[in-house]
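Listed below, chain by chain, are the residues.
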Amino acid sequence: MNEDLRNVVLGVLATGVSASLGWLTRTCLWRRGLRRKQAFFGLRDGSECLLVVNRNAGSERAVHNVDVSALLELSALIKDCGARPEIVQHDEARRGLGDRTEFCVGGPYSNRRMAAHLSSLLPGLTMNVESEPASDRGMFTVDGEVYKGVVGVTEYVVLARLTGGEGGRPVFLFCGQSAVCNQAATRYLARRHEKLARKYGSGPFVLLLKVVNSQAYGPDVVELVADVTRAARTAAPATEAEPAGT
């Protein structure tokens, strides 16, 4: 074998080894990222999870078309983790917490499951469900602060990761003042789950987000208002009752 041929063979071998090492490195990094993503969402290959949805106003079965878009974004995350979603209507999700990861979408006025989660898991956060006055509908109150929304201009949504029950699987809440807010929260989670995982690990968090000018930008322009994890998970102190006759 002459010198030139030997150099060609060595070059081919070096290229093959380098490509193999690069492929192995990328595969290891991908698998590590997948394991972190699965741990954050509480999903494993072949596992099942719940997608709990509300009903569209005035309909027995239909889901709001914007909420359908939110479900599609969540389904993509679930598929990436190698898991399978089961879509359940809010009034049919009579299951406990912790056995399976749950994604619950919709406000408490149209989603009974969400109302139960807010009451049991977030006693320090309330959302007004009264229809009158209309300006107060959907108003959030947490840590002594009140957050009212203006439809299409400034709206708020709570994005939370919480745990309960014996299984330890998380429940994710997307509780907004409108359907577009719910989708904004799911998109926020899809885009930032790696940062959230680095910051919170597998622990709980409750974030209050602001959706800006949804009538022009849809669910894409979202700002973090506050991390209200501690306040939302702590029951507000009971007020003393007034003496009778006062």
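Everything numeric in this text was worked out from a predicted model, so none of it was measured.

Student: Can you walk me through the packing of aromatic side chains in this structure?
Tutor: Within a pair of aromatic rings, the relevant descriptors are the distance that separates the centres and the angle that separates the planes. Counted under the stated rule, the structure contains eight aromatic pairs. Both rings, one in F103 and one in F172, keep their centres 5.2 Å apart while their planes meet at 10°; by these two values the pair is stacked. A residue pair is termed long-range when its members are at least 10 positions apart, and F103 in strand 3 (residues 101–105) and F172 in strand 8 (residues 170–176) qualify at 69 residues. With respect to burial, F103 and F172 carry one shared label: buried. Ring plane angle 35° and centroid distance 4.9 Å describe the contact between Y200 and F205, whose orientation is recorded as tilted. We classify Y200 as buried; its relative accessible area is 18%. The cationic tip of R137 hangs over the ring face of Y109; the distance from NZ or CZ to the ring centre is 4.4 Å.

Student: Please clarify how the packing of helix 2 (residues 65–80) against helix 4 (residues 179–200) should be interpreted in this entry.
Tutor: Helix packing for two helices is described by the angle between their axes and how far apart those axes are. Remark: helix 2 packs on helix 4, axes separated minimally by 8 Å, with the N-to-C direction vectors making an angle of 15°. By the angle class used here, helix 2 and helix 4 are roughly parallel. Helix 2 and helix 4 meet at a crossing whose hand is left-handed. Contacts between helix 2 and helix 4 involve V66, D67, S69, A70, E73, L74 and L77 on the former and, on the latter, A179, V180, N182, Q183, T186, R187, A190 and H193. Partitioned by chemical class, the residues of the contact of helix 2 with helix 4 number seven nonpolar, five polar and three charged.

Student: Would you mind going over the sheet that holds strand 10 (residues 222–227) with me for this structure?
Tutor: Strand order in the open sheet formed by seven strands is 2-1-3-8-7-9-10, and the pairing between neighbours is mixed. Looking along the sheet, the strands with just one partner apiece sit at the ends: strand 2 (84–89) and strand 10. Neighbour-to-neighbour, the strand axes of the sheet open up by a mean angle of 20°, direction not taken into account. As judged from the six bridges shared by strand 1 (residues 48–53) and strand 2, these two strands associate in the parallel manner. By the bridge assignment, V52 is partnered in strand 2 with V88. Seen against the sheet, helix 3 (residues 112–121) touches strand 1, strand 3, strand 7 (154–163) and strand 8 and runs at an angle of roughly 110° to strand 8.

About the criteria used
Residues numbered from 1 in each chain as written. Predicted model: local features only at pLDDT ≥ 70, side-chain atom pairs only at ≥ 80, totals over all residues. Heavy atoms only, no water. Phe/Tyr/Trp six-rings, centres within 6.5 Å; stacked < 30°, edge-to-face > 60°. Helix = DSSP H or I, 4+ residues; strand = E, 2+ residues; numbered from the N terminus. Buried < 20%, exposed > 50% of the residue type's maximum accessible area, 1.4 Å probe, protein only. Lys NZ or Arg CZ within 6 Å of the ring centre and 35° of its normal. Axes fitted to C-alpha atoms, helices over the stretch in contact; angles between N-to-C directions. Parallel < 35°, antiparallel > 145°, perpendicular 65-115°, else oblique. Left-handed = near helix turned anticlockwise from the far one by under 90°. Contact = heavy atoms within 4.5 Å. Nonpolar A, V, L, I, M, F, W, Y, C, P; charged D, E, K, R; others polar. Pairing = 2+ DSSP bridges.

So, to be careful, I would describe these as geometric facts and stop short of saying anything about function.
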